[in-house]
Number of protein chains: 2
Amino acid sequence: VKYPLAFERLVSCFNRFQGIGRKTSERLVFDMLSRWDSEAIEEFSHALSGLRQGVMTCPECRTHIETLPCPFCSDERKNAKLLCVVASSKDVYAIDTTNLFPGTFYVLGSLLSPLDERGVDSMDMPLLKKRVHSGIEEVIFALDSSLEGDATAAYLRNELAPLSLKMSRLATGVPVGTSLDFVDRGTLSRALSGRYQL
Amino acid sequence: VKYPLAFERLVSCFNRFQGIGRKTSERLVFDMLSRWDSEAIEEFSHALSGLRQGVMTCPECRTHIETLPCPFCSDERKNAKLLCVVASSKDVYAIDTTNLFPGTFYVLGSLLSPLDERGVDSMDMPLLKKRVHSGIEEVIFALDSSLEGDATAAYLRNELAPLSLKMSRLATGVPVGTSLDFVDRGTLSRALSGRYQL
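Residues numbered from 1 in each chain as written. Chains lettered and ligands numbered in written order. Predicted model: local features only at pLDDT ≥ 70, side-chain atom pairs only at ≥ 80, totals over all residues. Heavy atoms only, no water.

Visitor: In this structure, what is going on with the sheet that holds strand β4 (residues 104–107) of chain A? I would like to understand it.
Guide: The strands making up a sheet are joined through hydrogen bonds of the backbone, oriented either antiparallel or parallel. All names here are of chain A. Within the open sheet, the four strands sit side by side as β4-β3-β5-β6. Their pairing is parallel. Only two strands of the sheet have a single partner each, and these edge strands are β4 and β6 (166–169). Within this sheet the neighbouring strands show an average axis-to-axis angle of 25°, counted without direction. Where strand β3 (residues 82–86) meets strand β5 (residues 138–142), five bridges bridge the pair, whose relative direction is parallel. Bridge assignment links Val 85 to a residue of β5, and that residue is Phe 141. Contacts between helix α6 (residues 125–133) and the sheet are confined to β3 and β4, with β4 contributing the most and set at about 165° to the helix. The sheet strands contacting helix α7 (residues 147–160) are β3, β5 and β6, and the helix crosses β6 at an angle near 180°. (Pairing = 2+ DSSP bridges. Helix = DSSP H or I, 4+ residues; strand = E, 2+ residues; numbered from the N terminus. Axes fitted to C-alpha atoms, helices over the stretch in contact; angles between N-to-C directions. Contact = heavy atoms within 4.5 Å.)

What follows is the structure in structure tokens.
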């Protein structure tokens, strides 16, 4: 016996998310069928249709925002000479909540992933370069500490090298509040070589 | 800076799923914003609106199905004296794919969970009893091997005891293909006490 068609259709939508496989998709739809009332499902459907209209991308920093002017680009108190390059909008909001970064942002969209053949296209290098040319003096690459993050940082450093900027990456090391027991070898070795003087 | 309203609205929809927290919801919506085109989002929205119309609950076995007659209840080859009681529709489809169970089904909707105060209401005991009265001779409780599953099986056994049925539960033990190293103590002790003669 096969699942109902309407069920299958919804399962394949959930299946599109990164990290949500077929099994989880089925579980989610069954969860809806057994626990959600019709209103909640309608609300979900409306929230989806409203997403594109209610969220736009800032043409300068490419963060997903509600309306222009972009709250990240238009803040006068920000240091316009300092640029933080991140992979996704998510990182912009995350860094913003720390209240520690005084500069502006640029969202790459994705990291370079030679294995998945995800390339440079989504980064819009011409826009990034134009941005950097408009008075940026220091660029911080706030990227994942992963193979993809390393590849992306290396690529961007090369691309931006002719512009003679100060460039840096986030420190790699032991996360705050973590016991050394739970830190993997790679992290430990990076933390050792990056140790700071007391 | 706050997330856009349309973003928040969708996040709180995802947040309704069991096992999907606030963080994951945000990740999913960002995933949509950065990787899905408008068509895919519209398709998702439509699939949601179509779910209730495209899926119904069989009034006899309470499985989520496409249309009546219910493929599980109407199959003439099935042994109508044998009833398998499961927690959710999912389990019906899962057991059906094994091709090993020759009987009919009853979906409880949820397991008893005294801690969450989930009660007997969702099981529709009158319907289950009516069903059992209509010629059922053997009932198999195919429930999770968990506290909730145990509580539910105990409750149902008591409720159905006056009907003098053959009642059983699925065997508890080592999953097929699993190394003993990976089996927890509880499972191992149940597997030992339930060992079978060679």
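Visitor: Help me out: how do you make sense of α7(A) in this one?
Guide: A turn of α-helix holds 3.6 residues, and therefore any two residues three or four places apart point the same way. Its 14 residues place the ends of α7(A) 20 Å apart at the C-alpha level, agreeing with the 20 Å of an ideal helix rising 1.5 Å per residue. Where the residues of α7(A) are buried, they touch β3, α6, β5 and β6 of chain A. (Expected span 1.5 Å × (residues − 1).)

Visitor: Honestly, the pairing of β4(A) in this entry has me stumped. Any pointers?
Guide: In summary, the side chains of a regular strand alternate between the two faces of the sheet. Residues and elements named next belong to chain A. Burial of the side chains of β4 extends over both faces: Thr 104 and Tyr 106 are buried on one face and Phe 105 and Val 107 on the other. Bridge analysis of β3 against β4 gives four bridges, and the strand direction is parallel. Of the residues in β4, the one forming a bridge with Leu 83 is Thr 104. Running through helix α5 (residues 89–98), the crossover from β3 to the neighbouring parallel element β4 is right-handed. (Buried < 20%, exposed > 50% of the residue type's maximum accessible area, 1.4 Å probe, protein only. Right-handed = clockwise from strand over helix to strand, strands pointing away.)

Visitor: Just to check I follow, could you spell out the relation of the copies chain A and chain B for this structure?
Guide: Both copies of the chain are related through a single rotation about an axis accompanied by a shift along the same axis. When chain A is fitted to chain B, the residual RMSD is 0.1 Å, and the transformation amounts to a turn of 180° plus an axial shift of 0.0 Å. In short, the pair behaves as if placed about a two-fold rotation axis. Judged by C-alpha distance, Ser45(A) is the residue of chain A that lies nearest the rotation axis, at 2.2 Å. By residue overlap, the copies meet face to face through one surface: 100% of the interface positions of chain A are interface positions in chain B. (Least-squares fit on C-alpha atoms with pLDDT ≥ 70 in both.)

Visitor: I would appreciate a short explanation of the packing of helix α1 (residues 5–14) of chain B against helix α2 (residues 22–35) of chain B in the present structure.
Guide: When two helices pack together, their arrangement is given by the angle between the helix axes and the distance between those axes. Residues and elements named next belong to chain B. Contact geometry of α1 with α2 gives a least axis separation of 8 Å together with a crossing angle of 125°. The orientation of α1 relative to α2 falls into the category oblique. By crossing handedness, the relation of α1 to α2 is classed as right-handed. Along the contact surface, α1 presents Phe 7, Glu 8, Leu 10, Val 11 and Phe 14, while α2 presents Arg 22, Ser 25, Glu 26, Leu 28, Val 29, Phe 30, Met 32 and Leu 33. For the contact of α1 with α2, the class distribution of residues is nine nonpolar, one polar and three charged. (Parallel < 35°, antiparallel > 145°, perpendicular 65-115°, else oblique. Left-handed = near helix turned anticlockwise from the far one by under 90°. Nonpolar A, V, L, I, M, F, W, Y, C, P; charged D, E, K, R; others polar.)

Visitor: Is there a simple way to explain the interface of chain A and chain B in this structure?
Guide: How big an interface is tends to be stated in terms of accessible area lost as the parts join. Opposite the 50 residues of chain A that make contact, chain B presents 50 residues. Here chain A meets chain B over a buried area of about 5100 Å², counting both sides, of which 69% is carbon and sulfur. When the area that chain A buries against chain B is broken down by residue, the three leading residues are Val1(A), Phe17(A) and Arg52(A), summing to 14%. A salt bridge links Arg16(A) to Glu43(B), with the nearest nitrogen and oxygen atoms 3.1 Å apart. (Buried area = accessible area lost by both parts, 1.4 Å probe. Salt bridge = Lys/Arg side-chain N within 4 Å of Asp/Glu carboxyl O.)

Visitor: I tried to follow the pattern of salt bridges on my own but got confused; where do I start?
Guide: Once the charged atoms of two side chains with opposite charge are near each other, the side chains can pair. Residue and element names in this part refer to chain A. In the structure shown here, the tally under the stated rule is 16 salt bridges over all chains. In this structure, Asp 75 and Arg 77 form a salt bridge, with 2.9 Å as the shortest nitrogen-oxygen distance. Beyond isolated ion pairs, a larger network of salt bridges with shared partners links Glu 8, Arg 22 and Glu 26.

Visitor: Help me understand the side chain of Thr63(B) in this model?
Guide: With respect to the helices and strands, Thr63(B) occurs in the loop between β1 (56–57) and β2 (64–65). Apart from the residues within four sequence positions on either side, Thr63(B) is in contact with Met56(B), Thr57(B), Cys58(B), Phe72(B), Ser89(B), Val92(B), Tyr93(B) and Val107(B).

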